[in-house]
Amino acid sequence: MERALQLAARGQYSAHPNPMVGCVIAHDEEIVGEGWHKITGEPHAEVNALAAAGARARGATAYVSLEPCAHHGKTPPCIDALIAAGVSEVVIAMADPFDRVDGRGLDALRAAGITTSVGLMADEAAALNKGFVSRVTRRRPFVRLKVAASIDGAIAMKNGESQWITGPEAREDVQRQRARSGAVMTGIGTVLADDPALNVRTGELDTHGLQPLRVVLDSRLRMPITAQMLALPGATLVCCCGSHDISPLEKAGAEIASYGAAGDTVDIAAVLKDLAGRDVNDVLVEAGPGVAGYMLERELVDELVIYQAPHIMGSETRTMFQTPSWLALADRKVLDVHDVCQIGRDTRITARVQY
């Protein structure tokens, strides 16, 4: 099963919005076939593993990181392939919470006389696909908030100067974070100040040409038609409030959607719900302290990814988050730090937010 999970992770840049799935076909300790889900619309992990195993799949055990599908989507049901191949047992890490599967795969395998079990390395399997699980169970994507800061918590000088706080290795790692995400979100303030591309630019990543949806929070629709992201491959969604003349931006290549307001900004919770409806599993937020603090205040951030550079920027700086409702020490949010690693000269801290 550990090998199946390793294989599943190979689809991290190209399988979404489908979950990452790996499959190993084995006779006792001998692996006779393995596969993973590479691209949505192409064969799933089980089919690829069975193809590699060939006739040796008969009587073998299939180890699968997620319950095999029992419905016909873009590809035929994987249970049909497993049954036809004559496997004797299927060991599954976790059941699929998607309502068109959700136990149906297990039931079909058992009805065909195949021995099944669920739960081996279930926590690891769920962690691998936490974005997919979030989308299908909470009806909103898993939200990661990325921040680049100095060791004293500054993200820019007061005059806005911020390039570059972290080193090239950390910026390269951000490209991998983007490639894993179905959408990258920012605010209009960042667009107007920095004109970011928000695309995946690392050619070494096996993304099969996929680009995350670029999402701009822009309540008053100030998005310039000259923004560089509008001329890049991939789609841009501009989220506003109320009615506006959207034709210039549409001609420039953007999609415009209007949502309700929440205070002075667009209702980000409503945007996230819409993104789930667009099959976005994971959202990476790369925004200024206003949007970042707003999302923390409203408990919309699941995970923080902080790149901390080993230098001090001093007092004439901007801090990571604007949280005007946090007025007492009791308002602070506790972080569950689950990974700390060195990226070049910088430190990457990954932590879940406890609300």
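The structure this text deals with has already been given above.
These notes cover the structure that comes with them. Everything numeric here is computed off the predicted structure, so don't read it as measured data.

**Here we look at helix H2 (residues 45-53)**
- Taken residue by residue, H2 has Ala45, Glu46, Ala49, Leu50 and Ala53 as its buried positions. The buried residues of H2 occupy an angular sector of 125° when projected down its axis, which confines them to one face.
- Here the buried face of H2 lies against strand S1 (22-27), strand S2 (30-36), strand S3 (61-64) and helix H3 (78-85).
- Where H2 ends, the next residue or the one after it, Gly54, has phi of about 60°, a positive value.

**Focus on the sheet that holds strand S14 (residues 282-285)**
- Taken together, the 9 strands give an open sheet; going across it, the order is S11-S10-S9-S8-S14-S6-S15-S18-S17, and neighbouring strands pair in mixed fashion. Of all the strands in the sheet, just strand S11 (254-259) and strand S17 (334-343) have a single pairing partner and so form its edges. Pairwise comparison of adjacent strand axes, ignoring direction, gives a mean angle of 25° for this sheet.
- Pairing between strand S6 (residues 142-150) and S14: 4 bridges, direction parallel. Within the sheet, the bridge partner assigned to Arg144 lies in S14 and is Leu284.
- Contacting S6, S14 and strand S15 (303-309), helix H6 (residues 130-138) crosses the sheet at an angle of about 130° to S6.
- Lying over the sheet, helix H11 (residues 289-297) contacts S6, strand S8 (183-187), strand S9 (213-217), S14 and strand S18 (346-354), oriented at roughly 135° with respect to S6.

**A look at the packing of H3 against helix H4 (residues 104-111)**
- It is at 10 Å that the axes of H3 and H4 come closest, and there the two elements cross at 20°. By the angle between their axes, H3 is roughly parallel relative to H4. Of the two elements, H3 crosses H4, and the hand of that crossing is right-handed. Across from Ile79, Leu82 and Ile83 in H3, the residues of H4 making contact are Gly105, Ala108 and Leu109.
- For the contact of H3 with H4, the residue count by class is 5 nonpolar, 1 polar and no charged.

**Considering the packing of H2 against H3**
- Look at H2 against H3: their axes get within 9 Å of each other, and the N-to-C directions meet at 25°. Taken together, the axes of H2 and H3 lie roughly parallel to each other. The chirality of how H2 crosses H3 is left-handed. Residue-level contacts link Glu46, Val47 and Leu50 of H2 to Cys78, Ala81, Leu82 and Ala85 of H3.
- Partitioned by chemical class, the residues of the contact of H2 with H3 number 6 nonpolar, no polar and 1 charged.

**Topic: the side chain of Ser219**
- With respect to the secondary-structure elements, Ser219 resides in the loop between S9 and strand S10 (236-241).
- By relative accessible area, Ser219 is classed as buried at 17%.
- If we ignore the near neighbours within four places in the chain, the residues touching Ser219 are Cys239, Cys240, Cys241, His244, Asp264, Thr265 and Val266.

The rules we used
Residues numbered from 1 in each chain as written. Predicted model: local features only at pLDDT ≥ 70, side-chain atom pairs only at ≥ 80, totals over all residues. Heavy atoms only, no water. Buried < 20%, exposed > 50% of the residue type's maximum accessible area, 1.4 Å probe, protein only. Helix = DSSP H or I, 4+ residues; strand = E, 2+ residues; numbered from the N terminus. Arc of directions from axis to C-beta. Contact = heavy atoms within 4.5 Å. Pairing = 2+ DSSP bridges. Axes fitted to C-alpha atoms, helices over the stretch in contact; angles between N-to-C directions. Parallel < 35°, antiparallel > 145°, perpendicular 65-115°, else oblique. Left-handed = near helix turned anticlockwise from the far one by under 90°. Nonpolar A, V, L, I, M, F, W, Y, C, P; charged D, E, K, R; others polar.

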